[in-house]
Every structure is written in structure tokens, then in C-alpha cells.
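Survey of secondary and tertiary structure
Below are the chains, spelled out letter by letter.
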Amino acid sequence: MALRCAVFASGGGSNFKALLDRKQSGDLHAEFVLLIGNNSAAGVFQHARKQNIPSIHLAPSHFDSELAYVEKLMGLLRDYQVELIVLAGYMKMIPSAVVAAYHNRIINIHPGLLPAFGGPGMYGLRVHQAVLDYGAKITGVTIHFVDEHYDHGPVILQQVVPVLDTDTVNTLADRVLKAEHGNYWRVIEAIAQGKLRIEGRRVFGNV
Ligand code: GAR
């Protein structure tokens, strides 16, 4: 049985699209059963619609309390029998009750080499701007399990991407995105195949 994944996303959804393409080509044995997005105008919803994947606009601000938000989220995850939560450009914190219920079953992709250029406020183009401002010569992609701290859980995969003298924030973002698209599906496939073993912060197994 294919691993049942829910994708959480906030933006254009190129990572989600790349995952759907890998599934289509037969490389990735996962089922994308649900998309949750916090921004109704986000391009990511189009990718779900095209493939008839149920998608739900859900934001913490829609709820009077964190408890009500958590209950809604947990209900959806249960209804769709979600086994893995895939954050693909998702800019909101996952409530700690959901992190606890899905211990080591939530993954995130970050457009930088954690723990550098990560943490609250470091997302999307801001990461690439910070890398350029710092004058770093390398950046990259980090894919990690999600714990209760922002950009902090056990690292599954990192790939280095060079920073070029000619880079702007957009050219750097494009190069890093290509590396994201080339790697996220591999991690999900490794999880689907039960290849990963976690000991403390260390994740072992071939991706
Ligand atoms: C990606 O670069 C992803 O790594 C980043 O947002 C972008 C979303 O692009 N995520 C974060 O910064 C999370 N902290 P996409 O919508 O085209 O997949």
C-alpha cells in the first residue's frame, strides 16, 4: 500500500508539483490524499485541482482557539488516514499537539543548510537574501523531520548548492529550488520503503 501523504503548502507549490510529477513517472510510490493551504490565493491549489486531490483552505486565524484548530486538523488527518505530513513551502508553525501525534512523521524542506539561515522569519526568498548578504559561498537544501522547534528536527538529507558571484536572490532561489525538486521525492520514497532509522538527532539509511 502506498504511503498516504498530506501536503501542507502556502505558495506557488513547485515542490508539490515536482512530487506529483515523480508519482506520475512511477519513481515515487506515495499517495497524495490531501492538500492543506493557509492562503486561498496560493498557486499550489491549482496543482491539486488538476489531479482531483482534495484541497482545503485552513488557517489558524480561522479559529477562536488553538485547540479548535488542532481538533479540525487532527480530524482531517484521521479522515484521510494520513501517514506522513509533507511541508512543501508551508510558512505556518504546525501546532505542537499535531507534532506530538505525528512524531517523526512530518517532514519539511528548507531552502538553506540548517542550522544556518533558519529559524523564525527565515523562509522563502528571505533565506536567499540572507545568504547573499552574509557573503556565503555555499547554500543548499535541508530536508528534516519536524519537531516542536522551528527548522530544528533531525536532518534526513542535505545538498550543497554553490553561490555564484553573479547571483541575485532570484537566480539563487531558482538553483536551490531545482535541488529541492531533485531531492524531496527521494526522501518520501525512502520513508515509504521503510529505509530510514532515527536515533536521537541522527537519521540513517540510504536516500
Ligand atoms: C521553497 O524554496 C521551500 O524550500 C521554501 O519555500 C519555497 C516554496 O516554493 N520553504 C521555506 O522557506 C519553509 N521555511 P514552492 O511553493 O514553489 O514549493
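That block above? That's the structure.
Residues numbered from 1 in each chain as written. Predicted model: local features only at pLDDT ≥ 70, side-chain atom pairs only at ≥ 80, totals over all residues. Heavy atoms only, no water.

Helix and strand counts for the protein come out as six helices and nine strands. Burial status across the protein gives 47% buried among its 207 residues. Within the protein, contacts between residues at least 6 apart in sequence are counted, and of these 64% link residues at least 24 apart. If you sum the accessible surface of the protein, you get close to 10,200 Å²; carbon and sulfur atoms cover 51% of it. Seen as two clouds, the 19 positive and the 18 negative side-chain charges of the protein have centres 5 Å apart. (Helix = DSSP H or I, 4+ residues; strand = E, 2+ residues; numbered from the N terminus. Buried < 20%, exposed > 50% of the residue type's maximum accessible area, 1.4 Å probe, protein only. Contact = heavy atoms within 4.5 Å. Areas by Shrake-Rupley, 256 points an atom, 1.4 Å probe, with all protein chains shown as cover. Lys, Arg positive; Asp, Glu negative; His and termini not counted. Charge placed at Lys NZ, Arg CZ, Asp CG, Glu CD.)

Compared with the 20 Å implied by 1.5 Å per residue over 14 residues, the 20 Å span of helix 3 (residues 66–79) between its first and last C-alpha is a close match. Burial in helix 3 covers these residues: Tyr69, Val70, Leu73, Gly75, Leu76 and Leu77. Buried residues in helix 3 make contact with strand 1 (3–9), strand 2 (30–37), strand 3 (55–57), strand 4 (84–87) and helix 4 (96–101). Within two residues after helix 3, Gln81 carries a phi angle of roughly 50 degrees, on the positive side. (Expected span 1.5 Å × (residues − 1).)

Another point: the site of the ligand. The environment of the ligand is formed by 15 residues, the closest being Gly13, Ser14, Asn15, Gly124 and Glu180. Between the ligand and Gly13 there is a distance of 2.8 Å, counted from an oxygen atom to a backbone nitrogen or oxygen. At 2.7 Å, a side-chain N or O of Glu180 approaches an oxygen atom of the ligand. In the complex, the protein chains occlude 91% of the 450 Å² of accessible area that the ligand would expose alone. Taken atom by atom, the bulk of the ligand overlaps the largest pocket. Only helix 1 (14–24), strand 5 (106–110) and helix 6 (169–192) provide two or more residues apiece to the shell around the ligand. Its residues placed into classes, the shell around the ligand shows six nonpolar, eight polar and one charged. (Near = heavy atom within 4 Å. Polar contact = N/O pair within 3.5 Å; in protein donor to acceptor, adjacent residues only side chain to side chain. 1 Å grid on protein atoms, 1.4 Å probe; cavity = no way out; pocket = protein on both sides within 12 Å on 5 of 7 lines; lining within 4 Å. Sits in = over half its atoms within 2 Å of the grid points. Nonpolar A, V, L, I, M, F, W, Y, C, P; charged D, E, K, R; others polar.)

A word on the layout of surface pockets. Counted as a void, the largest pocket has a volume near 610 Å³. Gly89, Tyr90, Met91, Ile109 and Gly124 are the residues nearest the centre of the largest pocket, which is lined by 36 residues in total. When residues of the lining of the largest pocket are traced back to their parent elements, those giving at least two are helix 1, strand 5, helix 5 (125–134) and helix 6. When residues of the lining of the largest pocket are assigned to their parent elements, the largest contribution, four residues, is made by helix 6. Counted by class, the lining of the largest pocket contains 18 nonpolar, 13 polar and five charged residues. (Points joined across faces, edges and corners; volume = space filled by probe spheres on them.)

Here we come to the packing of helix 5 against helix 6. Each pair of packed helices gets described by two things: the angle between the helix axes and the distance between those axes. Here helix 5 crosses helix 6 at 115 degrees, and the two axes come no closer than 9 Å. The orientation of helix 5 with respect to helix 6, classified from their angle, is roughly perpendicular. Classified by chirality, the crossing of helix 6 by helix 5 is right-handed. Residue-level contacts link Leu125, His128, Gln129, Val131 and Leu132 of helix 5 to Val169, Asn170, Leu172, Ala173 and Val176 of helix 6. (Axes fitted to C-alpha atoms, helices over the stretch in contact; angles between N-to-C directions. Parallel < 35°, antiparallel > 145°, perpendicular 65-115°, else oblique. Left-handed = near helix turned anticlockwise from the far one by under 90°.)

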